[in-house]
Amino acid sequence: MAAALPADESKPVQRPLIMRYAARSDVGRIRAKNDDSAYVGRHLAVVADGMGGHAGGDVASAATVLDMLHLDQGDYAGDAGTMLADEIQTANSLLSELVHINPKLAGMGTTVTALLLAEGKLHFAHIGDSRAYRLRDGVFEQVSVDHTFVQRLIDEGRLRPEEAETHPHKNVLMRVLGDVDASPELDLDTLDVKPGERWLLCSDGLNYVAGHVVERTVRETKDLRECVETLVDLTLEAGSPDNVTVVMVEIVEETRDDVSTAAVDVIPSAPAAAPTTAAKPARLENPDGVDKPAGHDERRDEPAGSEGQAAGSTKPADAEKQPSTDPHLGEHLTAEVLREELASRPHELVGAAAAAAETGSIPTIAGRTVARRAATVLTHKAETPASDDDEVPERPKPRRWVTLSIAAAVLLVLTVGLWLGYAWTQTRYYIGEYDSRVAIYNGVSQRLGPIQLSTLEAVTEIRMDSLPLFSQQRVRQTVPARDLYDAQRIVKNLEGTGTIAPADECLTPSPTTQASGPASTDPAAPAAAPPPSPNASDPAAAPAPSASPSPTITCEGGR
């Protein structure tokens, strides 16, 4: 055993892994505001690219990043990968709450690409078209997959990768966080990690730099700060039509210096200072602008009132009394919690999230506790006061009555219209067939869904096979009548002549038909049937006529 001790002592102690990092975000050459946000610390790196233009792309990305920054820790009781995924889904529901409170933000969304280093594993989560690259053992590769329309075309073999950059729909996203999908699909993975590997997280603004240039820069630039500066500068030189955000991470073993600076000493607040500090909006000052990384050293000198409160102050009673004295105190408490969160560890916060933290415009949503950590609602210069929220529950009530009234009126009109239409059909009659006999029906020969719009009035003794074929066809197709008397007249005609026309109409001879008939060869025929001449003195009016056809044949032939 004595010999074994030196051998054990000679084994190097495996130290926890942490991230070395650098980050930078720039609005670019064309855009008016920065919709990108990023946070990176010793265990968490997140890049979010907001969309929605003026409506709130910066709100979406900043709200998501600020709501996730409390994950920057190495110890987790459960599965860290599951917690990362759940937190992103929670951020998605947060965006829906924001739109519910402020409808002007409808349509906003954001991409998310995140790395969480915990217990020697690297947990990866991704949605959208921001990217994650890894340089490990000399191999530089893209780990994330773009959730874009052109990438789907590439995966299906309908588009070549070199054609993607010039495709007119290259920026169309298929998956994103926002107020559209309640549970968006994330790409999740748990990866083995080793000291020395590097990760590059970036928004799609970096796509304007050629891929081989990005790879060479990551490989050859040893200093992480210099690397992110170079990549952003290259994007600006390329015209930078979009915002660009770059985060560089290197996995290293924790050192004693890292341990000594892992936490920031919190100065307890004075007993009377807490209410005063919480009574006004918290602001995270950064005189150099929103693109300057918000490092932890800049947060140490913040006023101590909120720090003592959020870090386990010994005055919980004061925290319970404050909401009753200031109805807007929840907004300030959330900003103070954010300040405490940022001051508790080394980090860099850039882009729209840094601007939100500096202004302190982070009011909370009702029902979301201080334990949820950072920002739950971001507004543009606090545009949604509490009085606006009070009006929301009152509006649906009158709208419901109006809707019900309109629906009742429409139903009444439809009911009256259908009844009047049915009543009109019952004033009509028609001739049809019933059990191979001619019958009289009351109504019209139509159906309204399952409702038959006619009833059998009477069945006659006239058999269908006793009628000429033409009349049978007419009866089967139904013969309309103006009223019951007209229907009875038509039945009488069918019984007497076999047609629907009256008998006198069928017996009227046609002069044209008689004149065009052939002359008889019987010499007795003219004497037996001399035609009545209207003018006996007119010799042209007395030609020898042909025999008259039978009334039934003339009526049927005429029809």
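This structure is a prediction, so every number in the text was calculated from the model and none was measured. (Residues numbered from 1 in each chain as written. Predicted model: local features only at pLDDT ≥ 70, side-chain atom pairs only at ≥ 80, totals over all residues. Heavy atoms only, no water.)

1. Quick notes on the pairing of strand β7 (residues 131–136)
Logical step 1: Of all six residues in β7, five are buried, a share of seventy percent or more.
Logical step 2: Where β7 lies against strand β8 (residues 139–142), four bridges are found, and the strand directions are antiparallel. What sits directly across from Y133, in β8, is Q142.
Logical step 3: Connecting the antiparallel pair β7 and β8 is a turn made up of two residues, with D137 showing a positive phi of about 50 degrees. (Buried < 20%, exposed > 50% of the residue type's maximum accessible area, 1.4 Å probe, protein only. Helix = DSSP H or I, 4+ residues; strand = E, 2+ residues; numbered from the N terminus. Pairing = 2+ DSSP bridges.)

2. Focus on the sheet that holds strand β1 (residues 17–26)
Logical step 1: Spatially, five strands are ordered β1-β12-β11-β7-β8 in an open sheet, and the strand pairing comes out antiparallel. Since the sheet does not close on itself, it has two edges, and those belong to β1 and β8, each with one partner. In this sheet, neighbouring strand axes are inclined to one another by 15 degrees on average, regardless of whether the strands run parallel or antiparallel.
Logical step 2: By the bridge criterion, five bridges tie strand β11 (residues 198–202) to strand β12 (residues 244–253) in an arrangement that is antiparallel. In the sheet register, L200 faces β12, and the bridge partner there is M248.
Logical step 3: Contacts between helix α6 (residues 224–237) and the sheet are confined to β1, β11 and β12, with β1 contributing the most and set at about 25 degrees to the helix. (Axes fitted to C-alpha atoms, helices over the stretch in contact; angles between N-to-C directions. Contact = heavy atoms within 4.5 Å.)

3. Quick look at α6
Logical step 1: The end-to-end C-alpha distance of α6, which contains 14 residues, comes to 20 Å, matching closely the 20 Å that a straight helix rising 1.5 Å per residue would cover.
Logical step 2: Buried residues along α6 sit against β1, β11, α5 (211–220) and β12.
Logical step 3: Where α6 begins, the side chain of D223 points an oxygen toward the backbone nitrogen of R225, at a separation of 3.2 Å.
Logical step 4: Residue G239 follows α6 closely and has a positive phi angle near 105 degrees. (Expected span 1.5 Å × (residues − 1). Polar contact = N/O pair within 3.5 Å; in protein donor to acceptor, adjacent residues only side chain to side chain.)

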